[in-house]
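Now for the letters of each chain:
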Amino acid sequence: MTTLSFTVAVAIVLAIVIIGVEASVHEYRGERFVSKGNSFVFHGGSEGVYSSASSNEQDSATGSFIRFEKIMFTRPKEISNTSSTSVHAIVFEVDDRETIGGSAYGGQRAVCCTPDLSKLGVCKEGEIIHRQSTKNPGWPQVFGTSFEVDEVVATLPSRTIPITETGMYNLYFIHCDPNLQDLSVDGKTVWKNPLGYLPGRMAPLMNFYGFMSLAFVILGIFWFYQYARFWKEVFALQNCITLVITLGMFEMALWYFDYAEFNETGVRPTGTTVWAVTFGVVKRAVSRLIILMVAMGYGVVRPTLGGITSKVAMLGATFFLASEVLELVENVGAISDLSGKARLFLVLPVALLDAFFILWIFTSLSATLNKLQARRIMAKLDMYRKFTNALAVAVIVSIGWICYELYFKSTDVYNENWQKAWIIPAFWQVLSYSLLFVICVLWAPSQNSMRYAYSGDSEDFDREDSLVLIKPSPVPSNYFQSIAETKPLQSDNGLRDDDLGEEKTA
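The structure presented is a predicted model; accordingly, all values stated were derived computationally and were not measured. (Residues numbered from 1 in each chain as written. Predicted model: local features only at pLDDT ≥ 70, side-chain atom pairs only at ≥ 80, totals over all residues. Heavy atoms only, no water.)

Engineer: Where do I start with the pattern of salt bridges in this structure?
Structural biologist: Side chains that carry opposite charge are capable of pairing whenever their charged atoms lie near each other. Enumeration according to the criterion identifies 10 salt bridges in this entry. R67 is paired through a salt bridge with E69; the nearest N and O atoms lie 2.6 Å apart. Here R284 ties to E327 by a salt bridge, and the two come within 3.7 Å at their closest N and O atoms. In this pair, R284 is assigned in helix α5 (residues 270–296) and E327 in helix α6 (residues 309–331), connecting sequence segments 43 residues apart. Each of R67, E69 and K188 takes part in salt bridges that share partners, so that together they form one network. (Salt bridge = Lys/Arg side-chain N within 4 Å of Asp/Glu carboxyl O. Helix = DSSP H or I, 4+ residues; strand = E, 2+ residues; numbered from the N terminus.)

As structure tokens, then:
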């Protein structure tokens with residue numbers, strides 16, 4: 001089963017790499033239109049775009065724009081003996097979405113002009129319904145091309161649309177001709193912000209990962225300095241924490257370079273993204289395993305995990321595979337969010353595994369705390385109480401943030417709050433770093449490090465548990481009676497009873 005899961009994960013990664021990536025350079029390779037109501041639609045992209053520094057700025061180096069390059073529409077040769085209605089490209093800001101389409105007498109909304117609307121003189125039958133925005137003069141931007149007789153390919157004129165207002169912009173290719181239902185589109189569009197090609201909602205993450213890289217470097221300097229000073233006092237758990245800090249430093253640096261290259265070229269670098277995702281997933285899996293092992297008392301009050309080692313390893317491996325697939329599909333070559341069903345299918349296993357980790361961790365912590373208190377090992381008990389409090393706060397904050405995230409996404413159907421969206425993934429990174437910081441403070445290498453390490457049989461919880469399993473056999477009651485009869489009693493001064501009798505007769 002594990003081999004099958006690994007094979008599936010590898011296949012998904014290879015498929016993503018082979019298919020290629022999308023970016024702020026949106027490429028269309030024989031994409032098909034789909035029927036929506038009385039129209040045929042292809043979604044060309046949606047991105048948050050910041051306005052240029054001034055309304056007259058159209059310099060490609062510093063200005064914001066959406067550029068159409070070599071957009072071609074192809075129809076089947078069998079229907080090329082007739083001309084067709086226009087195929088349109090429509091670019092609009094999300095606040096102007098009501099300017100596209102209409103309805104007659106309050107009926108069902110349609111994108112293409114219906115006979116009823118044509119009779120009212122609102123539009124020409126077969127054309128796309130649109131009207132000028134009252135908020136943004138000149139928007140939405142609508143232009144198109146059509147097929148002449150015997151033409152198989154129609155080319156959309158190249159155009160660059162300068163962006164002078166910050167907003168979430170959407171591009172759709174639409175036509176209203178039922179004869180063109182097998183139409184396909186090829187070409188590309190280039191979307192650019194004032195500071196680069198990074199999509200608007202991702203742009204703040206580049207600076208964020210720069211700051212997080214610095215934060216990990218500072219934490220690493222503190223930890224490695226302590227590690228070098230007291231390397232003779234270091235025990236196994238501290239080596240595991242060193243691994244997590246190292247993975248975190250690589251992860252943050254890779255994410256920063258991933259976004260920096262994306263911003264520079266407009267194409268997301270597949271290799272860098274895969275490495276950043278993998279380092280991050282390994283870090284999260286190892287972190288959860290370390291917290292679970294600490295909760296069980298490994299390295300502190302027990303030398304090994306005993307018979308549950310394989311179960312812990314299996315849980316960690318399963319979490320790694322599920323998280324790796326989710327993060328690769330979400331990040332490699334992706335700009336837009338996954339659809340709700342696709343994301344739920346991938347998120348649900350990870351969420352269930354996280355819940356299982358939390359349940360197992362707190363169950364183990366409760367048992368460890370009880371045993372430490374019963375044995376009155378006060379130094380370790382105090383440390384474990386602080387650790388438990390930190391974990392409890394982290395879990396409570398996580399649940400609260402999950403509720404906020406659900407609220408945020410459920411109330412932002414059209415991505416109108418795209419400028420705040422970067423806070424969602426950033427928060428989880430900050431929370432993870434904060435918990436790691438607390439662990440580093442509690443278990444930092446020092447001259448007293450060994451007082452928190454496992455010190456022998458007197459603290460071996462496994463040994464105690466195994467001894468309890470050996471029940472003493474019942475002792476016959478006449479056993480004690482025979483001992484009393486055969487063993488002479490001694491007085492307080494060490495003499496036997498018969499000696500006392502002789503002394504009295506004397």
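Engineer: Is there a simple way to think about the packing of aromatic side chains in this case?
Structural biologist: Each aromatic ring pair is described using two quantities: the centre-to-centre distance and the angle formed by the ring planes. By the definition in use, this model includes 28 aromatic pairs. Both rings, one in W139 and one in Y169, keep their centres 5.3 Å apart while their planes meet at 55°; by these two values the pair is tilted. Here Y169 lies in strand β9 (residues 167–175) and W139 lies in the loop between α2 (115–119) and β6 (141–145), a separation of 30 residues in the sequence. Among the residues examined, W139 registers a relative accessible area of 8% and is labelled buried. On the basis of relative accessibility, which here comes to 2%, the residue Y169 falls in the buried class. Judged by centre distance (5.0 Å) and plane angle (70°), the ring pair of F216 and Y433 falls under edge-to-face. Here Y433 lies in helix α9 (residues 423–442) and F216 lies in helix α3 (residues 203–229), a separation of 217 residues in the sequence. Per residue, the accessibility class of F216 equals that of Y433, and both read buried. Through pairs of rings, three or more aromatic residues link up here, namely Y28, F33, F42, F68, F73, F143 and F173. The side chain of R97 reaches across the aromatic face of Y414, ending 4.0 Å from its centre. Directly above the ring of F143 sits R159, whose terminal nitrogen or CZ lies 4.1 Å from the centroid. (Phe/Tyr/Trp six-rings, centres within 6.5 Å; stacked < 30°, edge-to-face > 60°. Buried < 20%, exposed > 50% of the residue type's maximum accessible area, 1.4 Å probe, protein only. Lys NZ or Arg CZ within 6 Å of the ring centre and 35° of its normal.)

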